[in-house]
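Given next are the chains, with one letter for each unit.
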Amino acid sequence: MAMISQKSFQFYSSSTPARRFILMTLSKRLSFISGQRKTQNCSSVAMRMLCFRDKSQYVFCRKNRVQLRMHSLSINETVYLYGDTESSTKSNNMWIDEQLFFKKLNSLCTSKEIFDFLSSLEVMSDTMASGALQRISEVELDGDGLKNPEGVLENEVFRALCFQFEFESSKLSNTGLLNALQALIKLHIDPQSTLMASLLGECEERLGKGQLTTKNLCAFGESLLELEGPSCAVLEQIVNHMQAKDVAKWSPREIVMVYRMLQLTVREGEKYQGLLDRLNSVTLTIVSQLSPEFTSIILNSLVVLHQTRAVRLVTALCKHSVKHTPYFTDDELVNVLEAFLYFGHREQIFTEALETHIPKSIFTMHPQTVSKVMHYCCQKMILSKPIFDAAAEGFISDADRFTTDQIAGYIIPFGTLNYLPPSASSLFRKLEMVLHTRLSHFQPHTLLSLLHSCVLIQRYPVNFLPKIFSPYFLQQLQAQPPGLDRIATSQLTQLFLTVTLECPFYEGPKLLPKYQVKAFFMPHSSQDVHLLKRVKTGLLYLLKKRRYFASEVSTPYFYMVDIEIKLDEEGFVLPAAQCEEVYRRIALCVDGQNRFCVNSHNLLGEEAIKQRHLQLLGYEVVQIPFFEIESLQNSRKMAEYLHKKIFPHRLSC
């Protein structure tokens, strides 16, 4: 470690050449980012003459006649800075233990207190000095930058420390060098200043010589990410050095830092897979030690790095996330949700944790975070009434400040999962007000999906359908990727069918036939083949012949019926192929688990609107849900069940 000293120094007259030289040098070298007021009266700052004594021990001198004698020094040795050349013995006696130093330092709450404390010391190590800079950054920085830029940047102690760090960077220990670099970055020192150039240059030189430990490499990488972002070429050099290190000896913080660097620098998928495999294996053993921040960062890195083979690690991290749910920041929670989605993971206890956390935090959470939670529930088909009810209240209260994507993110899951919250009337009244005000701000596909989700739960946006069916809007849809694909045309057609069947008072533009699909695209309503086969076997047992029912029947109304049975006027079953004398049509909807919300008997929106429309089109809809027949063990019992469902008023088969 290098040592930097401060103590009751005699000030030079502002007229002395030495003082003028120092002030001129500092004013040139310590340039700060715009927004921080530059020094306007340098002569008002009492600067101390900087020089050195034997063994490269830094000296803040009272006298201006001190010889500079410097010897080479190992980067891991300790360097001391003393009050003056005549008091080295006293300085050694006045040495303060680092633990005591940092205990005192961390108790100080303003930069003035810190500078006063530093001025009271005769000697301190470079790690202590850099630690002081870090503490200054902690107490003086807020969301708008430095609270008191003049009090920090023009302070004589601060400027003297910076001056010494710049000109003696090669004599600093790795820890002192990197801690100082991190602190100065946090203080927004201009990256182009000679001070920063000196520190960065020294770090790169030591990197090239292989002199940095794993901890040092991580600290340097973190600084570069903060300073230059992922485009920094040196980051890849750091990662290359990491490959030679023993991953098993790394701390959780070092592991997290390496994940971040890999996430931001890896261009070739397999180049660092060996390092990633070792990293994933070691991380699995320390999952229980990870903080909310570390858990979120690692999950995000695994997503970006496409670590689909790290199943055990992903599972462990997802389970570990549960206990951290109340403590995640908004960004951290978004990372965790994205990981759950990417890896296809679902934990009931995680949902329960969200159900506890979201309602209590809905008015303080960022709308984008709530939108992501709703998207997660929608994708996983999780109908969580506590979350949805809270989201509805949040929307009613704050929707005016949401982006259009956030508005859609809040509302679409209600339609997808076929749920109306207790505050539904207020929710959709608020949505209508927002749409009237900001309709033109929505991207075409976002607006179409939003309005389509409303009709799934019988909320009819008739005031906005003339725009949707207008040639201009359809041209916009066509022009915006993915264009008028099957999803968009299915949504348009279902909107048109809805207003035709459910809103007979609508007299606006219609959807031209060329934009209508022949069959709806219903991604969540695919048939459960095994369940359908069991029902067909039961029907065969009941009706005796296969010709009396048809399966997977396309209708002229864009829907497909799972099983259709035709009856004549007297209620007798007709052959499925017969088209004359058909008095009643029965549509059996064989609903497997995939047509319901998870762990629920609540139909999804697209299946609910299908059954509603089939009824309006004249079918007698008979629902055969999986949970009613999963316990039926044989064809006879299935036939008895179907008889009661299809022909409830007939006494026997």
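Residues numbered from 1 in each chain as written. Predicted model: local features only at pLDDT ≥ 70, side-chain atom pairs only at ≥ 80, totals over all residues. Heavy atoms only, no water.

1. So, the environment of H324
- When you line up the elements, H324 lands in helix 15 (residues 311-324).
- Each C-alpha atom, one on H324 and one on E293, is 9.2 Å from the other, the two residues being 31 residues apart in sequence. (Helix = DSSP H or I, 4+ residues; strand = E, 2+ residues; numbered from the N terminus.)

2. Thoughts on helix 24 (residues 471-479)
- Among the residues of helix 24, those classed as buried are F473, L474 and L477. The buried side chains of helix 24 occupy one side of the element, clustering within an arc of 100° when seen end-on. Away from its buried face by more than 90 degrees, helix 24 exposes P471, Y472, Q475, Q478 and A479.
- Turning to helix 24, the residues buried within the fold contact helix 22 (444-456), helix 23 (465-468) and helix 25 (486-502). (Buried < 20%, exposed > 50% of the residue type's maximum accessible area, 1.4 Å probe, protein only. Arc of directions from axis to C-beta. Contact = heavy atoms within 4.5 Å.)

3. Details of the nonpolar core
- Counting residues in hydrophobic clusters, the biggest one holds 167 residues, and the most contacted among them are F158, F220, L262 and I468.
- Judged by nonpolar contacts, the second largest core, of 28 residues, contains L531, L539, I563 and I624. (Core = buried A, V, L, I, M, F, W, Y, C linked by side-chain atoms within 4.5 Å.)

4. Some remarks on the layout of surface pockets
- By volume, the largest pocket amounts to about 920 Å³.
- Together, 34 residues line the largest pocket, and C378, I412, T416, S449 and Q491 are the ones closest to its centre.
- Those elements that place two or more of their residues in the lining of the largest pocket are helix 18 (367-380), helix 20 (404-416), helix 22, helix 25 and helix 27 (605-616).
- Element by element, the count of residues in the lining of the largest pocket is highest for helix 20, at 7 residues.
- Broken down by class, the residue content of the lining of the largest pocket amounts to 13 nonpolar, 17 polar and 4 charged. (1 Å grid on protein atoms, 1.4 Å probe; cavity = no way out; pocket = protein on both sides within 12 Å on 5 of 7 lines; lining within 4 Å. Points joined across faces, edges and corners; volume = space filled by probe spheres on them. Nonpolar A, V, L, I, M, F, W, Y, C, P; charged D, E, K, R; others polar.)

5. Overview of empty space enclosed by the protein
- Scanning all chains against the criterion turns up 1 cavity of 30 Å³ or more.
- One number sums up the size of the largest cavity: a volume of about 30 Å³.
- Lining the largest cavity are I362, M365, P367, G394, D398, R401, F402 and Y410.
- Each residue belonging to the lining of the largest cavity can be placed in one class, and the counts come to 5 nonpolar, 1 polar and 2 charged.

6. Some words on the environment of Y327
- Here Y327 is to be found in the loop between helix 15 and helix 16 (330-342).
- Residue classification places Y327 among the exposed positions, given a relative accessible area of 59%.
- Separated by 36 residues in the primary sequence, Y327 and S291 have C-alpha atoms spaced 9.4 Å apart.
- Sequence-distant contacts of Y327, defined by excluding residues within four places in its chain, comprise P292 and E332.

7. Examining the packing of helix 14 (residues 292-304) against helix 16
- At a minimum axis distance of 8 Å, the contact between helix 14 and helix 16 shows a crossing angle of 40°. Judged by the inter-axis angle, helix 14 sits oblique to helix 16. Between helix 14 and helix 16 lies a crossing whose hand is left-handed. Residues P292, E293, S296, L299, N300 and V303 of helix 14 pack against D331, E332, N335, V336, E338, A339 and Y342 of helix 16. (Axes fitted to C-alpha atoms, helices over the stretch in contact; angles between N-to-C directions. Parallel < 35°, antiparallel > 145°, perpendicular 65-115°, else oblique. Left-handed = near helix turned anticlockwise from the far one by under 90°.)

8. Examining the side chain of E166
- Its location among the elements puts E166 in helix 7 (residues 156-167).
- The class for E166 is buried, based on a relative accessible area of 7%.
- In terms of polar contacts, E166 uses its side chain to reach the side chain of T194, at 2.9 Å. (Polar contact = N/O pair within 3.5 Å; in protein donor to acceptor, adjacent residues only side chain to side chain.)

9. A word on the packing of aromatic side chains
- Scanning the entire structure with this criterion turns up 19 aromatic pairs.
- Seen from their ring centres, Y342 and F343 are 4.9 Å apart, and the 90° between their planes marks the pair as edge-to-face.
- Here the aromatic rings of F350 and Y376 are separated by 5.9 Å at their centres, their planes lie at 85°, and the arrangement is edge-to-face. Note that F350 is positioned in helix 17 (residues 348-361) and Y376 in helix 18, a separation of 26 residues in sequence. Neither residue differs from the other here; F350 and Y376 are each classed as buried.
- Through pairs of rings, three or more aromatic residues link up here, namely F101, F102 and F117. (Phe/Tyr/Trp six-rings, centres within 6.5 Å; stacked < 30°, edge-to-face > 60°.)

10. A word on the packing of helix 19 (residues 385-398) against helix 21 (residues 424-438)
- In contact at an axis separation of 9 Å, helix 19 and helix 21 are set at 40° when each is read in the N-to-C sense. As far as their axial angle goes, helix 21 and helix 19 are oblique. In this structure, helix 19 meets helix 21 at a crossing whose hand is left-handed. From helix 19, A392, F395 and I396 reach across to helix 21, where they touch S426, L427, K430 and L431.
- In terms of residue class, the contact of helix 19 with helix 21 is built from 5 nonpolar, 1 polar and 1 charged.

11. What about the side chain of Q480?
- When you line up the elements, Q480 lands in the loop between helix 24 and helix 25.
- For Q480, the residues in contact, after removing those within four places along its chain, are Q443, P444 and H445.

12. Structural notes on unusual backbone geometry
- In this structure, the amide linkage connecting P481 to the following residue, P482, adopts the cis form with an omega of 5°.
- Along the chain, P482 turns up in the loop between helix 24 and helix 25.
- Although it is not a glycine, N599 sits at a positive phi angle of roughly 55°.

13. Things to note about the pattern of salt bridges
- In the structure shown here, the tally under the stated rule is 15 salt bridges.
- Measuring nitrogen to oxygen at the nearest pair gives 2.9 Å for the salt bridge that ties D400 to K430. Here D400 is found in the loop between helix 19 and helix 20, whereas its partner K430 is found in helix 21, with 30 residues between them in sequence.
- Judged by its relative accessible area of 56%, D400 is exposed.
- Its salt-bridge partner being E620, residue R584 comes within 2.6 Å of it at the nearest N-O pair. Of this pair, R584 sits in strand 9 (residues 584-591) while E620 sits in strand 10 (residues 620-625), and the two are 36 residues apart along the sequence.
- Salt bridges here are not isolated pairs; linked through shared partners, they connect D562, D591, R595 and E607. (Salt bridge = Lys/Arg side-chain N within 4 Å of Asp/Glu carboxyl O.)

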